[in-house]
Amino acid sequence: MNRVILLDFEEKDKEYLEQEKIDTFLIHTSDFASLPTILPEAQAIFYQMNWPVEEENIPTGLAEKIQEMVTDGARVICFIGKGHLYQLTGVIGNFPDIHLQECPPGEQLLVNPETTYNLLFEKYSNDLAYMYQLLPTSFGAEAWEVPATRNDSWKIVAKNLAGYPVSLIIRKGQGFIWLLPWFGQNNIKVADFILKDIFPLMEMKGKELEQIDWIDKEEYLFPEIKELFLKKEQEKKKFEERIKELDEQIKNLRETQQEVFNRLLKAEGQELKAAVAQAFKYLNWGKVVDVSEYWKNVIRDKEEDFWLIDNTEQTIEVCLRKEFLVLIIVRSGRNWATDDDCMLLQRVKGRRMQEFDNTKMKAVLVGNYFNLQEARLRNNPFSQLQMEEAEKDGNGLLTTYELFKAIKAEKEGLISKEDIRRQLKEKAGLLQFSW
């Protein structure tokens, strides 16, 4: 069973999974006639229930067919958006205990402490757009099993702070039905995460349980051994909480310190220019002057993007005429650097020398080329002739990956900011930092 069925999703969702090399079929509940030949080969069925308007168009026999598949091992995951109960039970079958009572938006959740479920809700909890209370009974903060009053077993995956389940897994035969809240446009990303990460974890845990001899099950354990198992679980919980704290620290550091430099390798346009400017500011350049901002009240071509000036004492106007000036031009592309990009260096430098009556200048092209490839696999985007011309003119060609590596090396203590600035000013041609 290696086929995935998207039930009542959109064409773009099918394309999303196909890009991930997943055999995907897109079906609508109204097209049930075409389902019987496809269903038996399904590894998983993802269903989007989101019909605010009541329409009796669930085909007869769909729930029975899907329940048979679940008994044989299929996995059915339902994203429950705004709608009516019959729209859910018409697909998964009738479960008398289940009802749909709307939860307040943005309500906090308690998540089953099993790592499998924690992973999903930690990753996508900020994307929750809508959810229902699924059972009429509160289970408090500690209980995660629904008492067995039926042939199938029910596990609570998540509940609101009042203890009412908002996500359930109903195990039936060899498969299960998983009821999830609505993650909006990210439903398909959650589905992809479940396929790639959650299902393998479930299978691994299932194999571990199969290896346990029945005599070692909880029903047969003496109190002193059960107590040690309890202590083990408590230690495990502490460990998981510590891991969660570390993950949060990693997330915060990525957002506050890493992400701005990651944009050097992935961004284009204004976002790339902002990332390059931030990189030079990080290197403690005296002044990083945005040319467009400087000339915002003047009608003229802004050919370069930034001026780098060491002197912090004098005004920009004085520095433009007296100090050493680095002219920065930022470009990006999915292929090689163009000759036009490179020839612009000397042309702009010549104009500014004449305009500011200052010959102490250098022009540097900072380029994020081959920007759809992983950075370390990219070719040198500059031709031999382009590098020779830049070196002859005293200008520089710098890839954003080289700038990124220099900043990373500075953070690792391998090179100082001052040395990076010095090399950028002194070297010509293809700029590669040494440390």
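To be clear, the structure that these remarks concern was listed above.
One structure accompanies this document, and this report is about it. Here the structure is a predicted model, which is why all the values come from computation and not from measurement.

With that settled, consider the overall build of the protein. Along the protein, the regular secondary structure elements total 13 helices and 17 strands. Relative to the compact-globule value of 22 Å for 435 residues, the protein shows a C-alpha radius of gyration of 30 Å, a clear excess of over 25%. Principal-axis analysis of the C-alpha atoms places the extent of the protein at approximately 90 × 60 × 40 Å. A burial count over the protein gives 45% of its 435 residues as buried.

For the rest of this paragraph, the subject is the packing of helix H2 (residues 62–71) against helix H3 (residues 85–92). Interhelical geometry of H2 versus H3 gives an angle of 50 degrees and a closest axis separation of 5 Å. One finds that H2 runs oblique with respect to H3. Along the contact surface, H2 presents Leu62, Ala63, Ile66 and Gln67, while H3 presents Thr89, Gly90, Val91 and Ile92. Across the contact of H2 with H3, the residue classes break down as five nonpolar, three polar and no charged.

The next thing to look at is helix H1 (residues 11–19). Listed in full, the buried residues belonging to H1 are Asp13, Lys14 and Leu17. The buried side chains of H1 occupy one side of the element, clustering within an arc of 100 degrees when seen end-on. Immediately beyond the C-terminal end of H1, within one or two residues, lies Lys21, with a positive phi of roughly 65 degrees.

Take the nonpolar core next. When a protein is soluble and globular, its nonpolar side chains tend to lie buried together. The biggest cluster of nonpolar side chains holds 68 residues, and the ones touching the most others in it are Phe46, Phe79, Trp178 and Ile194. Broken down by element, this core gets its largest block of residues, nine residues, from helix H5 (residues 187–210). Those residues in contact with Ile194 that sit more than four places away from it in its chain are Phe46, Ile77, Leu120, Trp178, Leu180, Phe199 and Pro200. One finds Leu272, Tyr282, Val366 and Ala406 within the second-largest nonpolar core, a separate group that totals 34 residues.

A separate point is a negative patch on the surface. Taken together, the side chains of Glu122, Asp247, Glu248, Glu255 and Glu259 present a region of like negative charge at the surface. At four residues, the largest contribution of residues to the negative patch is made by helix H6 (residues 223–266). Along the chain, Glu255 falls in helix H6.

Moving on, we come to a nonpolar patch on the surface. Together, Phe222, Ile225 and Phe229 make up a nonpolar patch on the protein surface, roughly 310 Å² of accessible area in all. Residue placement: Ile225 occurs in helix H6.

A few words now on the sheet that holds strand S14 (residues 325–332). Adjacent strands of a sheet pair through backbone hydrogen bonds, lying either parallel or antiparallel. Read across the sheet, six strands follow the order S12-S13-S14-S15-S16-S17 without closing on themselves; strand pairing throughout is mixed. The strands lining the two open edges of the sheet, one partner per strand, are strand S12 (287–290) and strand S17 (429–430). Across the sheet, helix H10 (residues 339–356) touches strand S13 (306–309), S14, strand S15 (361–368) and strand S16 (396–399), and the angle it forms with S15 is around 150 degrees.

A word on the environment of Ala375. Summarising the element assignment, Ala375 is placed in the loop between S15 and helix H11 (384–393). A relative accessible area of 12% places Ala375 in the buried class. Excluding residues that lie within four positions of it along the chain, Ala375 makes contacts with Leu265 and Tyr401.

On to the environment of Gly140. Mapped onto the elements of the fold, Gly140 is located in the loop between strand S7 (132–133) and strand S8 (145–146). Gly140 gets classed as partly exposed once you look at its relative accessible area, which sits at 31%. Residues Gly140 and Ile215, spaced 75 residues apart in sequence, show a C-alpha to C-alpha distance of 31 Å. Setting aside its immediate chain neighbours within four residues, Gly140 contacts Lys159 and Gly163.

The next thing to look at is the pattern of salt bridges. Enumeration according to the criterion identifies 25 salt bridges in this entry. The salt bridge partner of Lys14 is Glu18, with a shortest N-O separation of 2.5 Å. Placement of both Lys14 and Glu18 in helix H1 is noted, with a separation of four residues, approximately one turn of the helix. In this structure, Arg242 and Glu245 form a salt bridge, with 3.1 Å as the shortest nitrogen-oxygen distance. With Arg242 and Glu245 both in helix H6 and three residues apart, the pair spans about one turn of that helix.

In this section: the pairing of strand S4 (residues 75–80). Across the six residues that make up S4, a large majority, six, are buried. The alternating pattern of S4 places Arg75, Ile77 and Phe79 on one face and Val76, Cys78 and Ile80 on the opposite face, and all of these are buried. Two elements, strand S3 (residues 42–49) and S4, share six bridges in a ladder whose sense is parallel. In the strand pairing of S4, Tyr47 is matched with Cys78. With five bridges joining them, S4 and strand S11 (residues 175–180) adopt parallel strand pairing. Looking at the pairing, Cys78 lines up with Leu179 of S11.

Further remarks concern the state of the cysteines. Taken as a whole and assessed by the stated rule, the structure comprises zero disulfides. Cys78 takes part in no disulfide bond, and the closest cysteine sulfur, belonging to Cys103, lies 17 Å away. Taking relative accessible area as the criterion, Cys78 reaches 0% and is therefore assigned buried.

Calculation criteria
- Residues numbered from 1 in each chain as written.
- Predicted model: local features only at pLDDT ≥ 70, side-chain atom pairs only at ≥ 80, totals over all residues.
- Heavy atoms only, no water.
- Helix = DSSP H or I, 4+ residues; strand = E, 2+ residues; numbered from the N terminus.
- Rg over C-alpha atoms; globule rule 2.2 N^0.38 Å.
- Buried < 20%, exposed > 50% of the residue type's maximum accessible area, 1.4 Å probe, protein only.
- Axes fitted to C-alpha atoms, helices over the stretch in contact; angles between N-to-C directions.
- Parallel < 35°, antiparallel > 145°, perpendicular 65-115°, else oblique.
- Contact = heavy atoms within 4.5 Å.
- Nonpolar A, V, L, I, M, F, W, Y, C, P; charged D, E, K, R; others polar.
- Arc of directions from axis to C-beta.
- Core = buried A, V, L, I, M, F, W, Y, C linked by side-chain atoms within 4.5 Å.
- Patch = residues over 30% accessible without salt bridge, like charges linked within 9 Å, V, L, I, M, F, W, Y side chains within 5 Å.
- Areas by Shrake-Rupley, 256 points an atom, 1.4 Å probe, with all protein chains shown as cover.
- Salt bridge = Lys/Arg side-chain N within 4 Å of Asp/Glu carboxyl O.
- Lys, Arg positive; Asp, Glu negative; His and termini not counted.
- Charge placed at Lys NZ, Arg CZ, Asp CG, Glu CD.
- Pairing = 2+ DSSP bridges.
- Disulfide = S-S within 2.5 Å.

In short, geometric facts, not functional conclusions.
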